[in-house]
Amino acid sequence: MAQARALVADRTRLPRDLAEQFATDSDIAVAQRIAARSELAPERLAEIAERYGPPVFAAVARHSRCPSALLQWMAAHPASSRRVLREIACHPAARSETLLLCLASEDFETRRRVAAHPALDLPVLESLINAPDGFLAEDTATNPALPERVMERLITRALLSNEPSRVGR
């Protein structure tokens, strides 16, 4: 029976009242499938996350209207997985302090997503630009929140670092 509910929860178009009903389902498979659905009211997400814990966090974080406080709570949870942190790191509602939790991850893909997130505070952006990890610096350079003055410094630095290689040729 739970399997049938999970299959219905996967349907493309689901009436909002049915989505709300599935949000209270006792089966975790149904909760995982319904958590990211846009038909589900964001207020229900905290209930799902608290009821089932880390196994549903990635699905909850994929919900386009997941509240920033819930993203913060899930990022700070000690059992949050790499997959959860990756979802949070690219969520538009993630705040800078939440992104810092994700940045502490050892997962390179999570760190790259954080570097490109526009909510990241300027001091953090500047430290990532100057990081020895070139890939992370490149991802930070694509961040739309990067101020023009920092971009100009990057361009100047890139031009100066390329000059010696041209002279030697």
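Residues numbered from 1 in each chain as written. Predicted model: local features only at pLDDT ≥ 70, side-chain atom pairs only at ≥ 80, totals over all residues. Heavy atoms only, no water.

Peer 1: Give a detailed account of the environment of Pro55, specifying residues and quantitative values.
Peer 2: Along the chain, Pro55 falls in the loop between α4 (43–52) and α5 (57–62). As for Pro55 and Ala79, which are separated by 24 residues in sequence, their C-alpha atoms are 9.3 Å apart. With sequence-adjacent residues up to four places away left out, Pro55 is seen in contact with Ile28 and Gln32. (Helix = DSSP H or I, 4+ residues; strand = E, 2+ residues; numbered from the N terminus. Contact = heavy atoms within 4.5 Å.)

Peer 1: Describe the packing of aromatic side chains, with residues and values.
Peer 2: The geometry of an aromatic ring pair is captured by two quantities: the separation of the ring centres and the angle between the planes. Scanning the entire structure with this criterion turns up two aromatic pairs. Relative to Trp73, the ring of Phe57 has its centre 5.5 Å away and its plane inclined at 65°; by these criteria the two rings are edge-to-face. Here the residue Phe57 occupies a position in helix α5, and Trp73 occupies one in helix α6 (residues 68–76), the gap between them amounting to 16 residues. Relative accessible area serves as the criterion here: at 0%, Phe57 is assigned to the buried category. Among the residues examined, Trp73 registers a relative accessible area of 37% and is labelled partly exposed. Taken together, a centroid distance of 6.4 Å and an interplanar angle of 80° make the contact between Phe108 and Phe135 edge-to-face. Here Phe108, found in helix α9 (residues 108–115), pairs with Phe135, found in helix α11 (residues 134–141); they are 27 residues apart in sequence, far enough to count as distant. Relative accessible area serves as the criterion here: at 31%, Phe108 is assigned to the partly exposed category. Classification of Phe135 by relative accessible area gives exposed; the value is 51%. (Phe/Tyr/Trp six-rings, centres within 6.5 Å; stacked < 30°, edge-to-face > 60°. Buried < 20%, exposed > 50% of the residue type's maximum accessible area, 1.4 Å probe, protein only.)

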